[in-house]
Amino acid sequence: MTLYGLLFYVIAAVIVAATGIAVTRRNLVHAVVYLIFSFLGSAMLFYLLGAPLLAVLEVIIYAGAIMVLFLFVVIMIKPESHGEMMFSLSQWAPAAVFSAVYVVVTILMVASAPGTEAPLAMLWASPREFALYVFQHHWFLIEVVSLLLLVALMGALRLGKGKGKSQVEVEL
Amino acid sequence: MIVPFGHVLLLAGILFALGMFCALARRNLIMIVLGIEIALNAASIAFVGSALHWKSIEGQALVLFILAVAATEVSVGLAVIVYAFRRSGSFDPNTYNLLK
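Residues numbered from 1 in each chain as written. Chains lettered and ligands numbered in written order. Predicted model: local features only at pLDDT ≥ 70, side-chain atom pairs only at ≥ 80, totals over all residues.

1. Some points on the overall build of chain A
Reasoning step 1: Broken down by element type, chain A carries 7 helices and 0 strands.
Reasoning step 2: Listed by position from the N terminus, the elements making up chain A come as α-α-α-α-α-α-α.
Reasoning step 3: Across the 172 residues that make up chain A, the buried fraction comes to 22%.
Reasoning step 4: Put simply, 53% of the contacts in chain A that link residues at least 6 apart link residues at least 24 apart. (Helix = DSSP H or I, 4+ residues; strand = E, 2+ residues; numbered from the N terminus. Buried ≥ 20, exposed ≤ 12 C-beta atoms within 10 Å, placed from the backbone. Contact = placed C-beta atoms within 7 Å.)

Below, the structure written as structure tokens:
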């Protein structure tokens, strides 16, 4: 096993462990902090797999912006978790069964598909190459994404400033 | 040489299953949105691995759009959650029974 292979397995173990801890936490702040670890691991994985610009974007957008947004919401409205943490088993057992079937099928498929056992070669897409490719082939999608972000901004503002009758504020 | 392509896919599959479990079984709207984020991140890992496997930069370009969609989804989703919390005072989806 090469050094890169070793790095991959270490990072993968950290990602899976941090995500597994995160999804079972009762305290939302703990869950978000564990997920930040998971996303930092994903960024390292992107760097290892030859996508340095995406690694930087992962740290800035996922671990930075999105998780901080979650933290803000959690801190702002202090959701106390009362009662059951999960839905009752009868509600999500069918979903769990289907997910288990899906995981088994995926493992079988990956194991039997030709070419998946070939080791990946080291390759590196410099940010310059990447940006040139994106703006040459997907310039229209970039515009669509900018429109999407604008609409999301307007929607979030509209929802956040809504002065509807609020039960909680009336009670306060 | 890094690792076989199948191992990258397996990692992405495990992460996706964890995200789906979080989105389906947790009884808190914020954890549901977090689960969707985990699943999107798993898809990104699969895309980057595929880009390396087929030596095409297209997969990396798609991750860029996944990032944009994730940011959009989380901003609007959290705004809706805060709105719902103000209206009902709860994060539990089971208590949203205004139409009952």
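2. What about the packing of helix α1 (residues 3-23) of chain A against helix α2 (residues 28-48) of chain A?
All names here are of chain A.
Reasoning step 1: The N-to-C vectors of α1 and α2 enclose an angle of 160°; their axes lie 8 Å apart at closest approach. The angle between the axes of α1 and α2 places the two elements in the roughly antiparallel class. Handedness of the crossing formed by α1 with α2: left-handed. Judged by residue contacts, Tyr4, Leu7, Phe8, Ile11, Val14, Ile15, Ala18, Thr19, Ile21 and Ala22 of α1 engage Ala31, Tyr34, Leu35, Phe37, Ser38, Gly41, Ser42, Met44, Leu45 and Leu48 from α2. (Axes fitted to C-alpha atoms, helices over the stretch in contact; angles between N-to-C directions. Parallel < 35°, antiparallel > 145°, perpendicular 65-115°, else oblique. Left-handed = near helix turned anticlockwise from the far one by under 90°.)

3. Some words on the interface of chain B and chain A
Reasoning step 1: At the junction of the two partners, chain B supplies 61 residues and chain A supplies 74 residues.
Reasoning step 2: Elements that contribute at least two residues to the side of chain B that touches chain A include exactly α1 (5-25), α2 (29-53) and α3 (58-88) of chain B.
Reasoning step 3: Top contributing element to the side of chain B that touches chain A by residue count: α3 of chain B, with 23 residues.
Reasoning step 4: Counted by class, the side of chain B that touches chain A contains 43 nonpolar, 12 polar and 6 charged residues. (Nonpolar A, V, L, I, M, F, W, Y, C, P; charged D, E, K, R; others polar.)

4. Some words on the confidence of the model for chain B
Residue and element names in this part refer to chain B.
Reasoning step 1: Scored by pLDDT, chain B comes out at a mean of 87, with 99% of its residues at no less than 70.
Reasoning step 2: At the low end of the mean pLDDT range in chain B sits α1, at 88; at the high end sits α2, at 92.
Reasoning step 3: In the predicted assembly, ipTM is 0.90 and pTM is 0.87. (pLDDT = per-residue confidence, 0-100.)

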